[in-house]
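# Examination of the molecular architecture
Residue strings, one per chain:
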Amino acid sequence: QVQLVESGGGLVQAGGSLRLSCAASGRTFSSYDMGWFRQAPGKEREFVAAVRWSGDRTYYADSVKGRFTISRDNAKNTVYLQMNSLKPDDTAVYYCAAGPYSVVSGSYDYWGQGTQVTVPS
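Below is a short write-up of the structure. Since we're looking at a predicted model, the values are computed, not measured.

## Section: unusual backbone geometry
Of note, Asn77 is a non-glycine position whose phi angle comes to about 50 degrees, a positive value. Tracing the sequence through the fold places Asn77 in the loop between strand S7 (68-73) and strand S8 (78-83). Residues other than glycine seldom take positive phi values, yet Ser85 does so here, at roughly 50 degrees. Residue position: Ser85 is located in the loop between S8 and strand S9 (92-99).

## Some thoughts on the pairing of S7
Here S7 shows a buried face lined by Phe68, Ile70 and Arg72 and an unburied face lined by Thr69, Ser71 and Asp73. Two elements, S7 and S8, share six bridges in a ladder whose sense is antiparallel. When the bridges of S8 are listed, Thr69 appears paired with Gln82. Taken together, S7 and the strand that follows it, S8, pair antiparallel across an intervening segment of four residues, in which Asn77 is found at a positive phi of about 50 degrees.

## Notes on the state of the cysteines
According to the stated counting rule, one finds one disulfide in the structure shown. The disulfide partner of Cys22 is Cys96, and the gap between their sulfur atoms is 1.9 Å. The sign of the S-S torsion, about 50 degrees, decides the handedness of the disulfide formed by Cys22 and Cys96: right-handed. Pair noted here: Cys22 is in strand S3 (residues 18-25) and Cys96 is in strand S9, with a separation of 74 residues, a long-range link. This pair shows no difference in class: Cys22 is buried, exactly as Cys96 is.

## Some thoughts on the nonpolar core
Within the largest apolar cluster, 36 residues are counted, with the highest numbers of intra-cluster contacts made by Leu4, Met34, Trp36, Leu81, Met83 and Tyr94. The set of elements that each furnish at least two residues to this core consists of S3, strand S4 (33-39), strand S5 (46-51), S7, S8 and S9.

Procedures and definitions
- Residues numbered from 1 in each chain as written.
- Predicted model: local features only at pLDDT ≥ 70, side-chain atom pairs only at ≥ 80, totals over all residues.
- Heavy atoms only, no water.
- Helix = DSSP H or I, 4+ residues; strand = E, 2+ residues; numbered from the N terminus.
- Buried < 20%, exposed > 50% of the residue type's maximum accessible area, 1.4 Å probe, protein only.
- Pairing = 2+ DSSP bridges.
- Disulfide = S-S within 2.5 Å.
- Core = buried A, V, L, I, M, F, W, Y, C linked by side-chain atoms within 4.5 Å.

So, in structure tokens, the structure goes:
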């Protein structure tokens, strides 16, 4: 069992940066691949980024490639999403998830409660 708690969301102007964190409980965190997803109002949840359990492999949605960076610290049971050059289209609730290395939300086993990111236009 893994419990996930996201933090770091907020209101930021276009072009600004935010760093999201996802703290995990449980001693098996380091064995899970991790992903970040987001869901904007009226839209389906979409994949943002994923990182392998070892941290040595990452994958990004085209919409965030070059602007967002996913990383993890297994000693701290935490995964991060550094978001730079934010745009109004990045406005969404951001969720972290634990499970297999995948872009498909249904593949993940555990989810956090989400953290709101708002970039006004």
